[in-house]
Structures are given as structure tokens and as C-alpha cells.
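A closer look at the structure
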Amino acid sequence: MFGMLKKTFGVCLIGIGLGILLVLLLPVTGWLFSIGVALTILGLVWLAS
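Residues numbered from 1 in each chain as written. Predicted model: local features only at pLDDT ≥ 70, side-chain atom pairs only at ≥ 80, totals over all residues. Heavy atoms only, no water.

A closer look at the overall build of the protein chain
Per the secondary structure count, the protein chain includes two helices and zero strands. Relative to its full complement of 49 residues, the protein chain shows a buried share of 22%. Taking the intrachain contacts of the protein chain between residues at least 6 apart in sequence as the baseline, contacts between residues at least 24 apart amount to 53%. (Helix = DSSP H or I, 4+ residues; strand = E, 2+ residues; numbered from the N terminus. Buried < 20%, exposed > 50% of the residue type's maximum accessible area, 1.4 Å probe, protein only. Contact = heavy atoms within 4.5 Å.)

A look at a nonpolar patch on the surface
Taken together, L18, L22 and V23 make up a surface patch of nonpolar side chains, about 340 Å² in accessible area. Structurally, L22 is set in helix α1 (residues 2-23). (Patch = residues over 30% accessible without salt bridge, like charges linked within 9 Å, V, L, I, M, F, W, Y side chains within 5 Å. Areas by Shrake-Rupley, 256 points an atom, 1.4 Å probe, with all protein chains shown as cover. Salt bridge = Lys/Arg side-chain N within 4 Å of Asp/Glu carboxyl O.)

Focus: the environment of I14
Within the secondary structure, I14 sits in helix α1. Note on I14: relative accessible area 15%, which makes it buried. In this structure the C-alpha to C-alpha distance between I14 and V37, which are 23 residues apart in sequence, comes to 9.2 Å. If we ignore the near neighbours within four places in the chain, the residues touching I14 are L39, T40, G43, L44 and L47.

A short note on the environment of G15
You can see G15 is positioned in helix α1. For G15, a relative accessible area of 41% puts it in the partly exposed group. Considering only alpha carbons, one finds G15 and G36, 21 residues apart in sequence, at a separation of 9.6 Å.

Describing the side chain of T40
Along the chain, the position of T40 falls in helix α2 (residues 30-48). When sequence neighbours within four positions are dropped, the list of residues in contact with T40 reads L13, I14, G17, L18 and L21.

Function cannot be read off these values alone, since they describe shape.
Shown next as C-alpha cells:
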């Protein structure tokens with residue numbers, strides 16, 4: 001049960017990170033790009049562990 005919840009949370013983090021990168025990617029706001037990359041990496045690390 002917990003393993004399934006953990007995978008679901010990881011996939012959600014990856015989805016949110018990619019959504020920020022693809023939808024809100026503006027050249028003016030570099031911090032938004034950094035948040036998207038950080039969330040995507042965090043989601044991948046969460047799934048790998």
C-alpha cells in the first residue's frame with residue numbers, strides 16, 4: 001500500500017515539474033525553470049528510492 005502511494009506521489013511530482021517546464025517556461029523567469037527542474041528531479045529520485 002505504502003509503495004503504491006510512494007510511486008503515485010513520485011509520478012505526481014514529475015508531472016508537476018514537467019507541467020511547469022512546458023506550460024510556464026518563460027525566458028524572463030529563470031526561477032520558474034529552476035523549480036520545474038527541481039521538482040522533476042525530486043520525483044525521479046523519489047521513484048528510484
